[in-house]
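Analysis of the macromolecular model
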Amino acid sequence: MSVMSIASTGMRAASLGVQSAASNVARLPVPDATHLGVAQTAAAGGGVTATVITAPDDANAPIADLLTAREAALAFAANATVLRRQDQMLGTLLDRWA
């Protein structure tokens, strides 16, 4: 699996993390709302597979959800940086051989 594929799977997983955390925060006033989380597993050949799961209730959930969303946003940005650098390196390589 290429670096670009690995980074893009990381971006998808981070996006799911932000979405599930935002959903949890939006449903705070709803009694007995299901708390969501994201399970990530290493994919064969590189990258990650992410799925939304039902997470156990937590009294600190609002704060944990905000921190989870921030962590996922940083992971998304880091993977986007990897993609940009990979693209720049490929462009430089092509310029040298052109």
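In short, a report on the structure. (Residues numbered from 1 in each chain as written. Predicted model: local features only at pLDDT ≥ 70, side-chain atom pairs only at ≥ 80, totals over all residues. Heavy atoms only, no water.)

What to know about the overall build of the protein
Tallying secondary structure elements over the protein gives two helices and two strands in all. The C-alpha atoms of the protein give 17 Å as radius of gyration, which overshoots the globular expectation for 98 residues (13 Å, by more than 25%). Taken along the three principal axes of its C-alpha coordinates, the protein extends 65 × 25 × 15 Å. By sequence separation, contacts in the protein at least 24 residues apart represent 53% of the contacts at least 6 residues apart. One way to put it: in the protein the 6 positive side-chain charges average out to a point 14 Å from where the 7 negative ones average out. (Helix = DSSP H or I, 4+ residues; strand = E, 2+ residues; numbered from the N terminus. Rg over C-alpha atoms; globule rule 2.2 N^0.38 Å. Contact = heavy atoms within 4.5 Å. Lys, Arg positive; Asp, Glu negative; His and termini not counted. Charge placed at Lys NZ, Arg CZ, Asp CG, Glu CD.)

Re unusual backbone geometry
Glycine aside, residues mostly have negative phi angles, and peptide bonds mostly take the trans form. Residues other than glycine seldom take positive phi values, yet D32 does so here, at roughly 60°. With respect to the element layout, D32 can be found in the loop between α1 (3–26) and β1 (36–42).

Observations concerning the environment of H35
Structurally, H35 is set in the loop between α1 and β1. For the pair H35 and A98, spaced 63 residues apart in sequence, the C-alpha separation works out to 54 Å. Beyond its immediate sequence surroundings of up to four residues, H35 is in contact with N24, I53, T54, A55, P56, D57, A61 and D65.

Remarks on a nonpolar patch on the surface
Together, L90, L93, L94 and W97 make up an exposed nonpolar region whose accessible area comes to about 480 Å². Within the secondary structure, L90 sits in helix α2 (residues 61–97). Here L90 falls in the partly exposed class, since its relative accessible area comes to 42%. (Patch = residues over 30% accessible without salt bridge, like charges linked within 9 Å, V, L, I, M, F, W, Y side chains within 5 Å. Areas by Shrake-Rupley, 256 points an atom, 1.4 Å probe, with all protein chains shown as cover. Salt bridge = Lys/Arg side-chain N within 4 Å of Asp/Glu carboxyl O. Buried < 20%, exposed > 50% of the residue type's maximum accessible area, 1.4 Å probe, protein only.)

Observations concerning the packing of α1 against α2
At a minimum axis separation of 8 Å, α1 and α2 run at an interaxial angle of 160°. Relative to α2, the element α1 is oriented roughly antiparallel. Of the two elements, α1 crosses α2, and the hand of that crossing is left-handed. The residue inventory of the contact of α1 with α2, partitioned by class, reads 17 nonpolar, seven polar and one charged. (Axes fitted to C-alpha atoms, helices over the stretch in contact; angles between N-to-C directions. Parallel < 35°, antiparallel > 145°, perpendicular 65-115°, else oblique. Left-handed = near helix turned anticlockwise from the far one by under 90°. Nonpolar A, V, L, I, M, F, W, Y, C, P; charged D, E, K, R; others polar.)

A few points about the environment of D32
Judged by relative accessible area, which is 80%, D32 ranks as exposed. Considered as a pair, D32 and D57 are 25 residues apart in the sequence and their alpha carbons are 9.5 Å apart.

Thoughts on α2
For α2, built from 37 residues, the straight-helix expectation of 54 Å at 1.5 Å per residue is met to within 8% by its first-to-last C-alpha distance of 53 Å. Looking at α2, one finds that the buried residues are A61, D65, A72, N79 and A80. On its buried side, α2 packs onto α1. (Expected span 1.5 Å × (residues − 1).)

Some thoughts on the side chain of D65
Looking at the secondary structure, you find D65 in helix α2. R27 provides the closest opposite charge to the buried, unpaired D65, separated from it by 7.9 Å.

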